[in-house]
Amino acid sequence: MKEKTPESSRESLMIAGRAFSSRLIIGTGKYRSYEEMRAAHTSSGAEMVTVAVRRVPLDRSSESFLDHLDPALQILPNTAGCYSADDAVRTARLAREALQTDLVKLEVIGDQTTLFPDNEQTLEAARILVKEGFIVLPYFNDDLIMAKKLLDAGCAGIMPLAAPIGSGLGVQNPANLRIMREQLPDATIIVDAGVGTASDAAIAMELGADGVLMNTAIAEADDPSKMGLAMKLAIQAGRLAYLAGRMPKRLYASASSPLQGVIK
Amino acid sequence: MLRVYVNGEARDFPSPLSLAQLITELDLPPARIAVELNRTVVRRGDWSATELNEDDRIEIVHFVGGGRS
């Protein structure tokens, strides 16, 4: 029924030739304490976490946030808060200088109320950053044509949104994700933004996503550590269900037991 | 005196001043920060040799918790 390409059926999440055994990438914001964040990171099994770049405060001493992260985690700097291609490119360059990583989660926001991405500025920034050797993972609207343009620009993977950032609404356009998966079988697709609970993550994976990135769903849970584990299991379950190939949906019942031999 | 703009704030320092001296004057931990001078990143190894000029605009960043915007 579904075509399973070598890329999308691999055991590991592949990003620019690097393999990650966890398909969950998580954020580092909104936790009530560093301790709570670390516990959630551990229980989630995530191998990659994303961090934001901001001005250093000049009037008070600041500890390095990175010291609160497990050193084994791959850090994925993001350009959160940028509203133009120029700002995003500058932010990515600063992140690379500080962290010595070419990875960047590219994010160019178009509107403060919805935090929807500015696809045009995102594409412009992606082209510049790819030329400069960055491994670019762009956040964008769940649109196949935009996905193709970003991949043509040389992005290592794509990060379509499921719903507005921090909304917890879950996958709003399952058909768009499914179409993207089917039309781009070799692309690394990581659903980013909008997951609220474990079933949302499982649905994203069942639709064929290679991974899910989330922050608020874990950080704002009453028990982030427990939710981290729930997300880990949901992503594993969703991935397995995708690989297993679900049964077709039918409008009417279809008995599982044979009709012959029923007592009269 | 030399007036420069650090993270958008006007700051006065005795002249001459290198980027490395600015970082020291501001008492910033040099690990895991990055510096931009007039919109161009200056690599850590070049901080000492980079002399600042009047009205230079410097951005000094670090990392904070965050998922997205």
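Refer to the structure presented above.
Because the structure is a prediction, the values reported are computed rather than measured.

## Some words on the packing of helix H2 (residues 85-99) of chain A against helix H3 (residues 119-131) of chain A
Residue and element names in this part refer to chain A.
Here comes step 1: One way to put it is that H2 packs onto H3 with a least axis distance of 8 Å and a crossing angle of 35 degrees. Seen from above, H2 lies across H3 with right-handed handedness. Taken together, the residues of H3 that come into contact with H2 (itself represented by Ala85, Ala88, Val89 and Ala92) are Gln121, Glu124, Ala125, Ile128 and Leu129.
Here comes step 2: In the contact of H2 with H3, the residues fall into seven nonpolar, one polar and one charged.

## Concerning the nonpolar core
Residue and element names in this part refer to chain A.
Here comes step 1: By size, the foremost hydrophobic cluster in this structure holds 91 residues, and its most contacted members are Val104, Leu106, Val136, Ala204 and Val212.
Here comes step 2: No other element matches H2, which puts seven residues into this core.
Here comes step 3: Excluding residues that lie within four positions of it along the chain, Val212 makes contacts with Arg23, Leu24, Ile190, Val191, Val195, Ala201, Ala204, Met205 and Ile235.

## A short note on the environment of Glu47 of chain A
Here comes step 1: Turning to its location among the elements, Glu47 of chain A is positioned in the loop between helix H1 (34-44) and strand S4 (48-55).
Here comes step 2: Through-space distance from the C-alpha of Glu47 of chain A to that of Gln74 of chain A is 6.1 Å; in sequence the pair is 27 residues apart.

## Some points on unusual backbone geometry
Peptide bonds are mostly trans, and most non-glycine residues show a negative phi.
Here comes step 1: Note the cis peptide between Ser15 of chain B and Pro16 of chain B, where omega equals -5 degrees.
Here comes step 2: When you line up the elements, Pro16 of chain B lands in the loop between strand S2 (9-13) and helix H1 (19-25).
Here comes step 3: With phi around 55 degrees, Gln100 of chain A is a residue other than glycine that occupies positive phi space.
Here comes step 4: Structurally, Gln100 of chain A can be placed in the loop between H2 and strand S6 (103-106).

## Topic: the pairing of strand S10 (residues 211-214) of chain A
Looking along a regular strand, one sees the side chains alternate between the two faces of the sheet.
Residue and element names in this part refer to chain A.
Here comes step 1: Side chains of S10 alternate between two faces, with Gly211 and Leu213 and Val212 and Met214 buried alike.
Here comes step 2: Relative to S10, strand S3 (residues 24-27) runs parallel, the two being bridged by three bridges. Each bridged residue has a counterpart across the sheet, and for Leu24 the counterpart in S10 is Val212.
Here comes step 3: Examined bridge by bridge, strand S9 (residues 190-192) and S10 share three bridges and lie parallel to one another.

## Focus: helix H8 (residues 224-244) of chain A
All names here are of chain A.
Here comes step 1: For H8, built from 21 residues, the straight-helix expectation of 30 Å at 1.5 Å per residue is met to within 8% by its first-to-last C-alpha distance of 30 Å.
Here comes step 2: Turning to H8, its buried residues are Pro224, Met227, Gly228, Ala230, Met231, Lys232, Ala234, Ile235, Gly238, Arg239 and Tyr242.
Here comes step 3: Residues of H8 that are buried sit in contact with S3, H1, helix H6 (198-206), S10 and helix H7 (216-219).

## Observations concerning the interface of chain A and chain B
Here comes step 1: On the side of chain B, 25 residues touch chain A, which itself brings 33 residues to the contact.
Here comes step 2: Secondary structure elements with two or more residues in the side of chain A that touches chain B: S4, strand S5 (74-78) and H2 of chain A.
Here comes step 3: Ranked by the residues each element gives to the side of chain A that touches chain B, the list is headed by S4 of chain A, at six residues.
Here comes step 4: Partitioned by chemical class, the residues of the side of chain A that touches chain B number 17 nonpolar, ten polar and six charged.
Here comes step 5: Relative to strand S5 (residues 57-65) of chain B, S4 of chain A is paired through five bridges, and the arrangement is antiparallel.

Cut-offs and rules
Residues numbered from 1 in each chain as written. Chains lettered and ligands numbered in written order. Predicted model: local features only at pLDDT ≥ 70, side-chain atom pairs only at ≥ 80, totals over all residues. Axes fitted to C-alpha atoms, helices over the stretch in contact; angles between N-to-C directions. Helix = DSSP H or I, 4+ residues; strand = E, 2+ residues; numbered from the N terminus. Left-handed = near helix turned anticlockwise from the far one by under 90°. Contact = placed C-beta atoms within 7 Å. Nonpolar A, V, L, I, M, F, W, Y, C, P; charged D, E, K, R; others polar. Core = buried A, V, L, I, M, F, W, Y, C linked by C-beta atoms within 7 Å. Buried ≥ 20, exposed ≤ 12 C-beta atoms within 10 Å, placed from the backbone. Pairing = 2+ DSSP bridges. Expected span 1.5 Å × (residues − 1).

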